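# Examination of the molecular architecture
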Amino acid sequence: MAQDIVLFALAILPSLFIADYIYKNDRADSEPKPLLRSLFLLGAVSCLPASLIEGLLDPIAADIFGVNSLGYILVDYFLVVAVAEEGCKYFFLRLRTWKNPNFDYRFDGIVYAVMVGLGFATLENIMYVFTYGFGNGVVRALLSVPGHAGWAVIMGYYYGRMKMFDTVGDHAQYQRNQVCALLVPILCHGIYDTLVSLPGDLVPFLGCIVFAVAIDVGVIRLVKSESASDEAFLKQNGAAWGFSNYGMPAPAGAFAQNPTYAPTSAPIPARTSAPVPGPVPTPTPAFTYTSAPSPAPSSAWVQAPAQAPVQAPVATPPASKGFLGRWLGGYAATMLAVFLVAILFTDAESPLFEYLSTVFAYMAVCGVPYAAIVVFAWRMRVNRERRAMQAGNPYGWR
């Protein structure tokens with residue numbers, strides 16, 4: 001009995017810790033807890049259709065490629081497991097939250113997606129821990145559960161932008177973010193499962209740890225950045241519609257011409273150069289106003305046209321220059337070096353050749369997802385630097 005309690009706690013505590021961290025970072029507008037609890041339960045429910053899909057397609061992949069072959073591993077974990085699990089999570093996420101009135105801030109997409117992902121990870125973790133024991137629970141608490149949460153953060157990042165662009169009517173950006181909301185988590189999930197399942201002891205294990213740590217670090221930075229810059233959809237995009245914060249059309253010039261400001265008597269006559277004899281009488285106001293006064297419509301004064309505000313051009317963010325070239329070029333150069341060493345300096349039957357060939361195969365498999373992650377990080381960095389420059393702090397990204 002005591003052992004079962006320990007295993008159950010080990011299975012659910014990582015998810016509760018991550019959920020609390022995400023909830024506390026939602027500083028702009030905290031979400032109602034009943035909604036979050038329902039999303040957590042729907043995430044657990046999504047395990048059922050995902051398991052059915054995997055059960056149907058996994059034997060087909062095994063028959064075509066052969067069990068434990070490289071083709072089977074790639075097809076099964078990228079096109080079956082990752083697509084089924086991330087697709088089911090996305091289905092329940094959108095079903096529950098897309099038209100919910102509480103979905104009004106960009107960071108809400110991350111909160112909702114993480115709750116669904118953690119619900120899935122918790123039920124899956126309970127089954128694995130009670131089947132394989134305490135050691136498996138420790139490994140999953142450090143790798144698998146944070147992995148599900150990280151992929152959910154990435155899904156929620158794009159999901160929040162989907163809602164934002166849908167709100168302002170930008171259909172092209174909405175579609176791009178919808179594709180990324182599914183594709184990027186599927187790629188990350190497929191890479192992790194592939195590294196876990198590849199034959200060998202040292203290289204796949206080290207690759208899995210490096211990949212998991214990289215995802216965790218990137219996701220934590222993404223959560224902090226999105227939490228600090230979170231805004232409501234209407235407030236963030238109202239200026240693009242030409243409306244003020246209260247939903248009224250913004251004035252075209254320095255003074256808004258309002259009919260309630262019209263004068264109640266004749267206009268003041270124009271001035272003449274002839275002197276006025278006798279004492280100067282106290283002038284009687286010629287106008288009365290029902291609200292704040294606007295310039296009197298007299299020929300004696302001409303209202304100067306309002307000057308349009310001059311916006312300073314936004315320069316290219318400096319720190320993003322060379323970012324893609326360094327990371328993608330370095331990866332390609334490493335692959336080329338491994339290939340040349342294997343071909344030119346080793347025997348085809350030596351253990352070193354087999355080891356280098358394995359490393360090259362792993363890097364080739366992970367090349368496209370790695371490029372996608374680098375481009376994603378580059379886009380985040382450019383946007384962060386551009387916001388800092390617009391705020392008048394060109395070195396704010398440091």
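Predicted, not measured: the structure shown is a model, and the values here were computed from it.

A complete count under the given rule lists 5 salt bridges for this structure. Between Glu 86 and Lys 89 there is a salt bridge, and its shortest N-O distance comes to 3.1 Å. Taken together, the positions of Glu 86 and Lys 89, both in helix H4 (residues 70–97) and 3 residues apart, correspond to about one turn of that helix. By the burial criterion, Glu 86 is buried, and Lys 89 matches it. Between Arg 140 and Glu 124 there is a salt bridge; the shortest N-O distance is 3.0 Å.

We now examine the packing of aromatic side chains. One pass over the full model with this rule turns up 11 aromatic pairs. Ring geometry for Tyr 90 versus Tyr 159: centroids 6.3 Å apart, planes at 85°, classification edge-to-face. Taken together, the residues Tyr 90 in helix H4 and Tyr 159 in helix H7 (residues 144–168) connect sequence positions 69 residues apart. Here Tyr 90 matches Tyr 159 in class, with each residue buried. For the ring pair Phe 103 and Tyr 112, a centre distance of 5.4 Å and an interplane angle of 75° mean the geometry is edge-to-face. Judged by its relative accessible area of 3%, Phe 103 is buried. Aromatic ring contacts, followed pair by pair, group Tyr 90, Trp 98, Phe 103, Tyr 112, Tyr 159, Tyr 174 and Phe 233 into a single cluster. The ring of Phe 120 has Lys 89 sitting right over it, with the charged end atom 4.9 Å from the ring centre. Seen from the ring of Trp 98, Arg 94 lies directly overhead, with NZ or CZ sitting 4.2 Å from the centre.

Moving on, we get to the packing of H4 against H7. Direction vectors running N to C along H4 and H7 enclose 45°, while the axes themselves pass 12 Å from each other. Put simply, H4 runs oblique to H7. Crossing angle aside, the handedness with which H4 passes H7 is right-handed. Listed contacts from H7 to Glu 85, Glu 86, Lys 89, Tyr 90, Leu 93, Arg 94 and Thr 97 of H4 are His 148, Trp 151, Met 155, Tyr 159 and Met 162.

A separate point is a nonpolar patch on the surface. A cluster of nonpolar side chains, Ile 53, Leu 56, Leu 57, Ile 60, Ile 64 and Phe 65, forms an exposed patch at the surface whose accessible area comes to about 570 Å². By secondary structure assignment, the location of Ile 60 is in helix H3 (residues 47–65).

It is worth spelling out the confidence of the model for the protein chain at this point. Overall, the predicted model of the protein chain reaches an average pLDDT of 77, with 72% of residues at or above 70. Of all secondary-structure elements in the protein chain, the lowest mean pLDDT belongs to helix H10 (residues 233–241), at 50, while helix H2 (residues 33–45) reaches the highest, 94. Throughout residues 394–398 the model reports pLDDT below 50, and contacts reaching past four residues in sequence, or to other chains, amount to 8 contacts.

Analysis parameters
- Residues numbered from 1 in each chain as written.
- Predicted model: local features only at pLDDT ≥ 70, side-chain atom pairs only at ≥ 80, totals over all residues.
- Heavy atoms only, no water.
- Salt bridge = Lys/Arg side-chain N within 4 Å of Asp/Glu carboxyl O.
- Helix = DSSP H or I, 4+ residues; strand = E, 2+ residues; numbered from the N terminus.
- Buried < 20%, exposed > 50% of the residue type's maximum accessible area, 1.4 Å probe, protein only.
- Phe/Tyr/Trp six-rings, centres within 6.5 Å; stacked < 30°, edge-to-face > 60°.
- Lys NZ or Arg CZ within 6 Å of the ring centre and 35° of its normal.
- Axes fitted to C-alpha atoms, helices over the stretch in contact; angles between N-to-C directions.
- Parallel < 35°, antiparallel > 145°, perpendicular 65-115°, else oblique.
- Left-handed = near helix turned anticlockwise from the far one by under 90°.
- Contact = heavy atoms within 4.5 Å.
- Patch = residues over 30% accessible without salt bridge, like charges linked within 9 Å, V, L, I, M, F, W, Y side chains within 5 Å.
- Areas by Shrake-Rupley, 256 points an atom, 1.4 Å probe, with all protein chains shown as cover.
- pLDDT = per-residue confidence, 0-100.

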